[in-house]
Amino acid sequence: MPQDSAVWRSSLDDVFARVAGAVGRAEPRGWAKAYVTGLLAPVERKNSWQLAEAAGWFPTGAGIC
C-alpha cells in the first residue's frame, strides 16, 4: 500500500505540474491539489471537514470557533 501511495502522489505531482501555468497564483493550485489528494485519501467520509483534516489544515478534533 505505501508503494501505491507513492505512485499516486508522483502521478498527481506530474498532473499538477502540467496545469500549473493555467493557474496564476500558488494558493489556488495548492488548494486544488489538496482537494484532489483528499478525494483520493482513504478517509471514510468525503465532506469538507474530513478533506481539510486529511490535507493537514486542521488537527483532528479541533473546532473552528
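Before going into details, it helps to say that this report is about the structure given with it.

The rules we used
Residues numbered from 1 in each chain as written. Predicted model: local features only at pLDDT ≥ 70, side-chain atom pairs only at ≥ 80, totals over all residues. Heavy atoms only, no water. Helix = DSSP H or I, 4+ residues; strand = E, 2+ residues; numbered from the N terminus. Buried < 20%, exposed > 50% of the residue type's maximum accessible area, 1.4 Å probe, protein only. Contact = heavy atoms within 4.5 Å. Areas by Shrake-Rupley, 256 points an atom, 1.4 Å probe, with all protein chains shown as cover. Salt bridge = Lys/Arg side-chain N within 4 Å of Asp/Glu carboxyl O.

As a further point, take the overall build of the protein. Summing up its helical and strand segments, the protein has 3 helices and 0 strands in all. Going residue by residue from the N terminus, the α and β elements of the protein occur as α-α-α. In the protein, which comprises 65 residues, the share counted as buried stands at 12%. If you take every contact in the protein between residues at least 6 apart in sequence, the share linking residues at least 24 apart comes to 16%. Total accessible area on the protein is roughly 5200 Å²; 60% of this is exposed by carbon and sulfur atoms.

This brings us to helix 3 (residues 48–55). Looking at helix 3, one finds that the buried residues are Leu51, Ala52 and Glu53. Tucked inside the fold, the buried residues of helix 3 contact helix 2 (26–40).

Taken as a whole and assessed by the stated rule, the structure comprises 2 salt bridges. In this structure, the salt-bridge partner of lysine 33 is aspartate 13, at a minimum N-O distance of 2.4 Å. With lysine 33 in helix 2 and aspartate 13 in helix 1 (residues 2–19), this residue pair connects regions lying 20 residues apart in the sequence. Accessibility expressed as a relative area gives 27% for lysine 33, which makes it partly exposed. Salt-bridge contacts for arginine 25 lead to glutamate 27; the nearest nitrogen and oxygen are separated by 3.1 Å. The exposure class assigned to arginine 25 is exposed, which follows from its relative accessible area of 53%.

As a further point, take the environment of aspartate 13. Classification of aspartate 13 by relative accessible area gives partly exposed; the value is 32%. Remark: the alpha-carbon pair of aspartate 13 and lysine 33, spanning 20 residues in sequence, is separated by 8.5 Å.

Turning to the environment of alanine 55, a few remarks are in order. Checked against the element boundaries, alanine 55 lands in helix 3. With 17 residues separating them along the chain, alanine 55 and glycine 38 place their C-alpha atoms 6.2 Å apart.

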